[in-house]
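This is what each chain is made of:
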Amino acid sequence: MNWIFSPWPWYVSGPMIAFVMFLLLMVGKNFGMSSNLRTMCTICGAGTKADFFKLDWRAQKWNLTVVIGAIIGGFIAANFMTPNAAVAITPETISDLQNLGFNSAGKAYLPTELFETSALLDFKTLAILIIGGLLVGFGARYAGGCTSGHAISGLSNLQLPSLIAVVGFFIGGLVMIHLLYPLIFA
């Protein structure tokens, strides 16, 4: 069972992703997580308020199984298959994160300073999570999909807009981590 507890190498996981994408292409489906939010809003009746949510959600229910699988798989992996809750990062990165106020760096999978329940009582942390969530949601809608949809599904379909979006995601990530992150957590 040790093989399942450690990260799988690229030459195993990469072809598995390619195989799933091949199957989706053969049946005419596109993969993406942000489209599930639209489907869930439609199920809850948002189509009565906005035309964007007027769609046949039953045609997208197959993609909801991806969300359910991700939630169940994440729960199983976090609670039953993680021998060490800490992410293996370099001592330099741990030091840099601790200088920014993340004392849990190297000890926890997610920074407890942001993701513990008690962190929701801090106004700055709550504002960062809300603003970040809104920006991610707006960005996914503006880009016509999320990172997984464009990077996995769109690029496998050889779509130029997906290539442009993925380049934009990387540029945005670099700007965030090198310019904005130190300002926000200074």
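The structure we're discussing is the one just above.
Definitions and cut-offs
Residue positions within a chain follow its written sequence, with the count starting from 1. Given that this is a predicted model, residues contribute local features only at a pLDDT of at least 70 and side-chain atom pairs are listed and counted only at 80 or more, while totals for whole chains, interfaces and linings are drawn from all residues. As a rule here, side-chain values come from all non-hydrogen atoms in the structure, and water together with hydrogens is ignored. The way it works is that DSSP assigns letters per residue, a run of H or I at least four long becomes a helix, a run of E at least two long becomes a strand, and they are numbered from the N terminus. Relative accessibility under 20% of the residue-type maximum defines a buried residue, over 50% an exposed one, and the middle range a partly exposed one, all with a 1.4 Å probe and only protein chains included. Any two residues whose heavy atoms approach within 4.5 Å are treated as being in contact. All accessible areas in this document rest on Shrake-Rupley with a 1.4 Å probe, and a residue is counted as covered only by the protein chains that are shown. For the charge count, each Lys or Arg is scored as positive and each Asp or Glu as negative, with His and the chain ends excluded. Charged side chains are reduced to one point each, which is NZ for Lys, CZ for Arg, CG for Asp and CD for Glu. Taking the helix axis as origin, the arc is that swept by the directions to the C-beta atoms. The term disulfide is used for any two cysteine sulfur atoms that are within 2.5 Å.

Summing up its helical and strand segments, the protein has nine helices and zero strands in all. Going from the N terminus to the C terminus, the protein shows its helices and strands as α-α-α-α-α-α-α-α-α. In terms of its C-alpha atoms, the protein occupies a principal-axis envelope of roughly 50 × 45 × 30 Å. For the protein, buried positions account for 18% of its 186 residues. Within the protein, counting contacts between residues at least 6 apart in sequence, those at least 24 apart form 46% of the total. With an accessible surface of roughly 13,300 Å², the protein has 73% of that area assigned to carbon and sulfur atoms. Considering the protein, the positive charge centre built from 9 side chains and the negative charge centre built from 7 side chains are found 19 Å apart.

Okay, helix H3 (residues 34-43) next. Buried within H3 are the following residues: Asn-36, Thr-39 and Thr-42. The buried residues of H3 occupy an angular sector of 120° when the element is viewed end-on, so they sit on one face. Lining the buried residues of H3 we find helix H4 (61-80). Remark: Gly-45 follows H3 within two positions and exhibits a positive phi of approximately 100°.

What follows covers the state of the cysteines. All told, the structure shown has zero disulfides when counted by the stated rule. As a non-bridged cysteine, Cys-146 has Cys-41 as the owner of its nearest cysteine sulfur, 14 Å distant.

Functional significance is not addressed by these values, which are geometric in nature.
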